[in-house]
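Analysis of the macromolecular model
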Amino acid sequence: MRTSPLGMVCHGGAGALADRQAHSDGLAVALEEGYRLLRQSGSALDAVVKAVSIMEDNPVFNCGTGSNLTLDGTAEMDAAVMTQDGRFGGVCCVTDVRNPILVAEKVLTDTDHALLCGAGANALARRMGFEKYDVKTERSSNRLETLKAEGKSSHFPRLGGRVKTGTAGAVAIDKHGSLAVATSSGGITGRMPGRVSDAAIPGAGTYAAPSGAVSCTGHGEAIIQLMLAHDTVGRMKTMPASVAATLAVSEARRRKFMVGLVGIDARGGVCFGHSTPDMSYGYMIADKLFMFAEGKGK
Ligand code: GLY
């Protein structure tokens, strides 16, 4: 039986590259562990969930531990997974859980629902055995305090200039040629409580179909306007991933939207692109690792 070439692409966020080396190191671990599962005949879904959960545990990335805080100082997180057959599982505004992506996976595998929010998402996490976990860090608290001290606490969404968002995401193709995507976000510092980012919205920050899979990062409200993941995957029906990403990001740039994405198409062609000054990402194909941390950083 012919098997598909394996491939995986991860991003560590656009517009938030404070420490290039830490981003590269963290992404490399996530990619290698996710790809290892693909090598061991794991599914694309297993691989992307593994990679993103590793990034959630690394405070360098804005998801899970170290997530950005709302104006009220709460850590409300969004995460989602999707497979090429259209199955979707997501959580939004989930709190007190170490790995939102694992709860999102449970929504897909263990419930009849696609998306759970707030108290319902928290209740599912407890029911599935995920213990209470405080993801706040000194750095995430300091980011909010600094924002407030600068009198910019109500900045969002009229932030202007450089959008410091971040998100972590992964896409993969397994040996059966199946595609999957996972995205997890701690949101934007100082947002209103209850705000949902693109990460958990199907088609916006997270989307997979037979033609491809895409995970986005950047300014969530802009990504939602563009339905960026859906738009890019749609383009992959008629063009390679790299061209699809270039065109999708060009449109974002034309509209002055700050976004980034990674993707993979049905042939294992990988793509990445960003209209932000910074983005960290990497990919692994044919057992080789390629890493990029672009931009000037902070
Ligand atoms: N893309 C992440 C956010 O807007 O919060």
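Residues numbered from 1 in each chain as written. Predicted model: local features only at pLDDT ≥ 70, side-chain atom pairs only at ≥ 80, totals over all residues. Heavy atoms only, no water.

1. Regarding the pairing of strand 2 (residues 77-83)
Here strand 2 lies mainly inside the structure; 7 of its 7 residues are buried. Residues Met 77, Ala 79, Val 81 and Thr 83 line one face of strand 2 and the alternating positions Asp 78, Ala 80 and Met 82 line the opposite face, and both faces are buried. Examined bridge by bridge, strand 2 and strand 3 (residues 88-94) share 5 bridges and lie antiparallel to one another. Counterpart to Ala 79 in the pairing with strand 3 is Val 91. Turn length for the strand 2-strand 3 hairpin, with the two strands adjacent in sequence and antiparallel, is 4 residues, and the turn residue Gly 86 shows positive phi of about 95 degrees. Where strand 2 lies against strand 6 (residues 179-185), 6 bridges are found, and the strand directions are antiparallel. Bridged to Met 82 within strand 6 is Val 181. (Buried < 20%, exposed > 50% of the residue type's maximum accessible area, 1.4 Å probe, protein only. Helix = DSSP H or I, 4+ residues; strand = E, 2+ residues; numbered from the N terminus. Pairing = 2+ DSSP bridges.)

2. Regarding the site of the ligand
Taken together, Gly 166, Thr 167, Ser 185, Gly 187, Ile 188, Arg 195, Ser 197, Asp 198, Gly 218, His 219 and Gly 220 form the complete shell of residues around the ligand. The contact in question runs from a nitrogen atom of the ligand to an N or O atom on the backbone of Gly 218, over 2.7 Å. Measuring from an oxygen atom of the ligand, one finds a backbone N or O atom of Gly 220 at 2.8 Å. When the free accessible area of the ligand is taken as 190 Å², the share hidden by the protein chains comes to 100%. (Near = heavy atom within 4 Å. Polar contact = N/O pair within 3.5 Å; in protein donor to acceptor, adjacent residues only side chain to side chain. Areas by Shrake-Rupley, 256 points an atom, 1.4 Å probe, with all protein chains shown as cover.)

3. Re the environment of Met 236
For Met 236, the location among the structural elements is in the loop between helix 7 (228-235) and helix 8 (241-254). On the basis of relative accessibility, which here comes to 6%, the residue Met 236 falls in the buried class. Ignoring any residue separated from it by four or fewer positions in sequence, one finds Met 236 in contact with Ser 211, Gly 212, Ala 213, Val 214, Ala 241, Ala 244, Gly 263, Ile 264, Asp 265 and Cys 271. (Contact = heavy atoms within 4.5 Å.)

4. So, the pattern of salt bridges
Per the counting criterion, the structure on display carries 8 salt bridges. Where Asp 287 meets Arg 39, a salt bridge forms, and the shortest distance between an N and an O atom there is 2.8 Å. Here Arg 39 lies in helix 1 (residues 20-39) and Asp 287 lies in the loop between strand 11 (279-285) and strand 12 (288-294), a separation of 248 residues in the sequence. Overall, Asp 287 belongs to the partly exposed group, its relative accessible area being 41%. Linking Arg 98 and Asp 57 is a salt bridge whose minimum nitrogen-to-oxygen distance equals 3.0 Å. Within this pair, whereas Arg 98 is found in the loop between strand 3 and helix 3 (100-110), its partner Asp 57 is found in the loop between helix 2 (44-56) and strand 2, the two being separated by 41 residues in sequence. Taking relative accessible area as the criterion, Arg 98 reaches 38% and is therefore assigned partly exposed. The exposure class assigned to Asp 57 is partly exposed, which follows from its relative accessible area of 31%. Each member of the salt-bridge network shares a partner with another, and the members are Glu 251, Arg 254 and Arg 255. (Salt bridge = Lys/Arg side-chain N within 4 Å of Asp/Glu carboxyl O.)

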